[in-house]
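# Descriptive structure summary
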Amino acid sequence: MEVELAFSGWSGIFVLVLYGVLMLGVGLFAFLRNRGMRESLDEYYLGGRGLGVMVLFFTFFATQYSGNTVIGYPPTAYRMGYEYLVSVPFFIMIIMVYLFFAPRLYALGRRFSLLTPVDWIELRFRSKSVSILAAILMLYGLANYLLEQFVAIGQGVSGLTGGTIPYQVGVIFFIIIMVAYSWLGGMRSVAYTDTIQGLALLFGVFTLLIGSLYYFGGLPSAAAHMQATAPEKLNPPDGAGLTRWFSLLVLVGIGAAIYPHAVQRIFSAKSEATLKRSFIRMAYMPFLTAGVVFMVGIIGISAFPDLSTAQSEQLVGMMANALANQNAFFYWAMVLLFGGVIAAIVSTADSVLLTFSSIISNDLYGRYIRPEASEYQKVLAGKLVGLVAVAILIVIAWYPPATLYQIFVLKFEVLIQVGPAMILGLYWTRLNSRAVFAGMLAGAALAGVFTFMGYRPLGVYSGLWGLVLNLGICVIGTLLSGAGTAAREHAREVIGFRYS
Amino acid sequence: MTPRISEPVRKKRVWIGFIVLFALINPWYFAADAGSTLIMGIPLWALIILAASLGLSIFITWTIQTQWRTDSDERYDSGKEGGAGKENGDEHGRGARRDGEA
């Protein structure tokens, strides 16, 4: 997603440095306001379970919408036409899927002081093998997710500054800033910066839309162009397109809702009322974000006709360049837009890193390696291991291995395999922990193998095949041999809404 | 009297609503050449999908406001302010967890 913006060399650097200083300031502010914070896991990783509506909303927003939403979606809309309108409902689906587990998970999170998704799985199944497998899958998926964000930061920075800042310098600069403010303020820093980053992104996409409508002509001229050259882009999707639409709705809806960093945000809500209000706002955001960038892509069809696939990837950069040449307002607005895009990538990366560290602190180090450690030591262990992981990922980002590259591609395919344990476990007391373990392992293995082989039966994504196998093993295994009496009694105790 | 605790996942009307709306946000019910009917440059079928999507957002709002009710907020002090000077997170239910493990 490299976008060359030759127009903004020094002004790009100015905005990026300004942005870095602002983020550090936010970290320092969070640190000074909450000095006792580093002593406890709750404070560091969940902001003391005290995030209010506005901040919670933006932190959900920043985990769902990344720089890729702005840079990658318009080119897809450009190539697919109105079939890519699916990007609006699939973001709404995420909130719908939340409603099937968040109400109970929030209540349990409060009752048992859950800190991470693995914490919940451990509480529910009391099985070392299930918990460790879930932790490993999550760490693996999150690490790859982080790697992807690092590469995107480097490309974004070098693109925005027209190569004035090399890729490596961009990555190092933003990673240092990110780690610094995360260490200073934990979840509070991350959530506050998410708020600023979200606002920058929203401002940028709206300016891009307004500028595009004004200078490139609106949707009617795009429609006229499509009618003349590619009428299929105006038509509803046909058979294969319909399957794609359907599986995107299912996959994104389930997948994005059960991302570990998304689940963890449920625990950090100040109250149930706060969580509800944040979800309600999130339900309308797809129209203002995915809908807006979709329109930008459609306008591009008539503004920049006949681009090849590779050229169309640069669409947002081309439009921003053209707008920036109009006048000073759009020039700075486009510089801010790209600052916002990089901000959005950083804000996704910081959330992922924080969740990564929390799983190390709480679920591996704190539970199995040194349970007697103080909370301060646990937080420190998470921070340090997180730092080591970041260092390794930077090396991988610079020297991508020639073979086995796909090992670093698996993210979503692996993360989604924790879903059955997490969600079925909320409602089904008979669910057998051995079946859960076998399903999770087999699902992840199948998804991995299919991805390596590039195998996609029926055009359905490998992660979904893994999930189907995983669910099948969980359900059939449990029906054949349900959990024992003691385990069921424990499950009933945990998931029942009885607070006595 | 309405029950004290209510979860969307246990409500039939929520499931029905979601299934119907899910069916409506998939564009299977249009003619293959539906793209030729345009309103302000937007295909009519796309506007219908957007309207169904908005319907889903509104239904989600209704579900959250009326079908999701637990007693978490009453049980756990939700009005607490930032944790300055707090030693550890034990006040808020961590005790329950520790008891369970002991």
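Residues numbered from 1 in each chain as written. Chains lettered and ligands numbered in written order. Predicted model: local features only at pLDDT ≥ 70, side-chain atom pairs only at ≥ 80, totals over all residues. Heavy atoms only, no water.

As recorded by an unreviewed UniProt entry, chain B carries the name DUF3311 domain-containing protein and is attributed to Kushneria pakistanensis.

An unreviewed UniProt entry lists chain A under the name Sodium/panthothenate symporter, with Kushneria pakistanensis given as the organism. Word for word, the UniProt comment on chain A under Subcellular location (unreviewed entry) is "Cell membrane". (UniProt positions renumbered as here; feature names shortened; annotations may be inferred.)

## Some details on the overall build of chain A
Across its full length, chain A holds 23 helices and zero strands. In terms of overall dimensions, chain A is globule-like: its C-alpha atoms have a radius of gyration of 23 Å, near the 23 Å expected for 500 residues. Residue pairs at least 24 apart in sequence account for 85% of intrachain contacts in chain A once pairs closer than 6 positions are excluded. Split by element, the accessible area of chain A, about 16800 Å² in all, is 68% carbon and sulfur. Taking the average location of the 30 positive side-chain charges in chain A and that of its 22 negative ones, the two points are 10 Å from each other. (Helix = DSSP H or I, 4+ residues; strand = E, 2+ residues; numbered from the N terminus. Rg over C-alpha atoms; globule rule 2.2 N^0.38 Å. Contact = heavy atoms within 4.5 Å. Areas by Shrake-Rupley, 256 points an atom, 1.4 Å probe, with all protein chains shown as cover. Lys, Arg positive; Asp, Glu negative; His and termini not counted. Charge placed at Lys NZ, Arg CZ, Asp CG, Glu CD.)

## A short note on the packing of aromatic side chains
All names here are of chain A. This structure, assessed with the given rule, holds 36 aromatic pairs over all chains. Between Phe60 and Phe279, the aromatic rings sit 5.3 Å apart at their centres with planes inclined by 50°, giving tilted as the arrangement. With a gap of 219 residues between them, Phe60 in helix α3 (residues 53-64) and Phe279 in helix α13 (residues 272-288) connect regions that are remote in the sequence. Neither Phe60 nor Phe279 differs from the other in exposure class; each is buried. (Phe/Tyr/Trp six-rings, centres within 6.5 Å; stacked < 30°, edge-to-face > 60°. Buried < 20%, exposed > 50% of the residue type's maximum accessible area, 1.4 Å probe, protein only.)

## Overview of a nonpolar patch on the surface
Taken together, Leu471(A), Val475(A), Ile476(A), Leu479(A) and Leu480(A) make up a surface patch of nonpolar side chains, about 480 Å² in accessible area. With respect to the element layout, Leu471(A) can be found in helix α22 (residues 462-480). (Patch = residues over 30% accessible without salt bridge, like charges linked within 9 Å, V, L, I, M, F, W, Y side chains within 5 Å. Salt bridge = Lys/Arg side-chain N within 4 Å of Asp/Glu carboxyl O.)

## Examining the UniProt feature "transmembrane region" (unreviewed entry) in chain B
Residues and elements named next belong to chain B. As annotated in UniProt, the feature "transmembrane region" (unreviewed entry) corresponds to residues 12-30 and 42-64 in the numbering used here. Along residues 12-30 one finds 68% helix and 0% strand; the C-alpha atoms at either end are 28 Å apart. Strand forms 9% of residues 42-64 and helix 91%; the C-alpha atoms that close the span are 32 Å apart.

## Quick notes on the packing of helix α9 (residues 167-216) of chain A against helix α14 (residues 290-303) of chain A
Residue and element names in this part refer to chain A. At a minimum axis distance of 10 Å, the contact between α9 and α14 shows a crossing angle of 30°. By the angle between their axes, α9 is roughly parallel relative to α14. Between α9 and α14 lies a crossing of left-handed hand. In this structure, α9 uses Val205, Phe206, Leu208, Leu209, Ser212, Leu213 and Phe216 to contact α14, whose residues at the interface are Val292, Val293, Met295, Val296, Ile299, Ser302 and Ala303. Counted by class, the contact of α9 with α14 contains twelve nonpolar, two polar and no charged residues. (Axes fitted to C-alpha atoms, helices over the stretch in contact; angles between N-to-C directions. Parallel < 35°, antiparallel > 145°, perpendicular 65-115°, else oblique. Left-handed = near helix turned anticlockwise from the far one by under 90°. Nonpolar A, V, L, I, M, F, W, Y, C, P; charged D, E, K, R; others polar.)

## Things to note about the layout of surface pockets
When its volume is computed, the largest pocket comes out at roughly 1500 Å³. Forming the boundary of the largest pocket are 44 residues, of which Asn68(A), Tyr73(A), Glu148(A), Tyr259(A) and Lys411(A) lie nearest the centre. Elements that contribute at least two residues to the lining of the largest pocket include exactly α3, α4 (67-80), α5 (87-98), α8 (128-160), α11 (239-257), α19 (412-415), α21 (433-453) and α22 of chain A. For the lining of the largest pocket, the leading source of residues is α4(A), giving eight residues. Broken down by class, the residue content of the lining of the largest pocket amounts to 22 nonpolar, 15 polar and seven charged. Lining the second largest pocket we find 24 residues, and of these Val97(A), Phe100(A), Ile254(A), Ile423(A) and Trp15(B) sit closest to its centre. At the level of elements, α5, α11, α20 (419-427) and α22 of chain A together with α1 (12-24) of chain B are the ones that each hand at least two residues to the lining of the second largest pocket. (1 Å grid on protein atoms, 1.4 Å probe; cavity = no way out; pocket = protein on both sides within 12 Å on 5 of 7 lines; lining within 4 Å. Points joined across faces, edges and corners; volume = space filled by probe spheres on them.)

## Some thoughts on the environment of Tyr376(A)
Residues and elements named next belong to chain A. The topology assignment puts Tyr376 in helix α18 (residues 375-398). For Tyr376, a relative accessible area of 41% translates into the label partly exposed. Once the C-alpha coordinates of Tyr376 and Gly300 are considered, the two residues, 76 residues apart in sequence, prove to be 52 Å apart.

## Quick notes on α11(A)
Taking 1.5 Å of rise per residue, the 19 residues of α11(A) would be expected to cover 27 Å, and the 27 Å separating its terminal C-alpha atoms lies within 8% of that figure. All buried positions along α11(A) are accounted for by Gly241(A), Trp245(A), Ser247(A), Leu248(A), Leu249(A), Leu251(A), Val252(A), Gly253(A), Gly255(A), Ala256(A) and Ala257(A). Contacts from the buried residues of α11(A) go to α5, α12 (260-267), α19 and α22 of chain A together with α1 and α2 (44-67) of chain B. (Expected span 1.5 Å × (residues − 1).)

## A word on the packing of α21(A) against α22(A)
To describe two helices that pack against each other, one gives the angle between their axes and the distance between the axes. All names here are of chain A. Two elements in contact, α21 and α22, have axes separated by 7 Å at closest approach and are oriented at 160°. Taken together, the axis directions place α21 and α22 in an arrangement best described as roughly antiparallel. Seen from above, α21 lies across α22 with right-handed handedness. On the side of α21, the interface is formed by Ala435, Val436, Ala438, Gly439, Met440, Ala442, Gly443, Leu446, Ala447, Phe450 and Thr451, while α22 contributes Ser462, Gly463, Trp465, Gly466, Leu469, Asn470, Ile473, Cys474, Gly477 and Thr478. The residue makeup of the contact of α21 with α22, split by class, is twelve nonpolar, nine polar and no charged.

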